[in-house]
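# Secondary and tertiary structure notes
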Amino acid sequence: MPRIVITHAIKDIDRWLGGRTERVAALPGAVGVTDLVALDGTTNAAVTFEIDDLDAFKSMLSSLPPDVAAQAESHGVIQPMTVYVEA
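Residues numbered from 1 in each chain as written. Predicted model: local features only at pLDDT ≥ 70, side-chain atom pairs only at ≥ 80, totals over all residues. Heavy atoms only, no water.

Here V37 is to be found in strand β2 (residues 30–37). Considered as a pair, V37 and D14 are 23 residues apart in the sequence and their alpha carbons are 10 Å apart. Setting aside chain neighbours within four positions, we find V37 in contact with I13, W16, L17, N44 and A45. (Helix = DSSP H or I, 4+ residues; strand = E, 2+ residues; numbered from the N terminus. Contact = heavy atoms within 4.5 Å.)

On to the pattern of salt bridges. Enumeration according to the criterion identifies 3 salt bridges in this entry. R20 is the salt-bridge partner of D35, the closest N and O atoms lying 3.6 Å from each other. Linking D35 in strand β2 with R20 in helix α2 (residues 20–25), this pair joins segments that are 15 residues apart in sequence. For R20, a relative accessible area of 35% puts it in the partly exposed group. For R23, the salt bridge is made with D35, and the minimal N-O distance between the two is 3.0 Å. Remark: D35 occurs in strand β2 and R23 occurs in helix α2; sequence separation between them is 12 residues. Neither residue differs from the other here; R23 and D35 are each classed as buried. Put simply, R20, R23 and D35 are held in one network by salt bridges that share partners. (Salt bridge = Lys/Arg side-chain N within 4 Å of Asp/Glu carboxyl O. Buried < 20%, exposed > 50% of the residue type's maximum accessible area, 1.4 Å probe, protein only.)

The strands making up a sheet associate through hydrogen bonds between their backbones, and the pairing can be parallel or antiparallel. Spatially, the 4 strands line up as an open sheet ordered β2-β3-β1-β4, and their pairing is antiparallel. The open sheet has two edge strands, β2 and β4 (77–85), and neither has a second partner. For this sheet, the mean inter-axis angle between neighbouring strands, taken without regard to orientation, is 20 degrees. As paired strands, strand β1 (residues 3–10) and β4 are joined by 6 bridges and run antiparallel to one another. Pairing of I6 across the sheet is with V83, part of β4. (Pairing = 2+ DSSP bridges. Axes fitted to C-alpha atoms, helices over the stretch in contact; angles between N-to-C directions.)

Keep in mind these values describe shape, not function.
Printed below as a string of structure tokens:
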């Protein structure tokens, strides 16, 4: 399974971390979901995970479902998100 890393800025670290359970649920097929915050104290964050269906994940990203976009906004995610896939 390929590892995915998503980076983005956030409005508030505690608010973003509080949404972890919802974030994990929004990533069906993802395992090993890990939240990371910037060590330098800035409001930059990352999520890493392995995904079982990369094509389905890419499809979701190409047309982000409204509920997922709303969830990201409610967690304080600041767009854009940068998505990396393990090479």
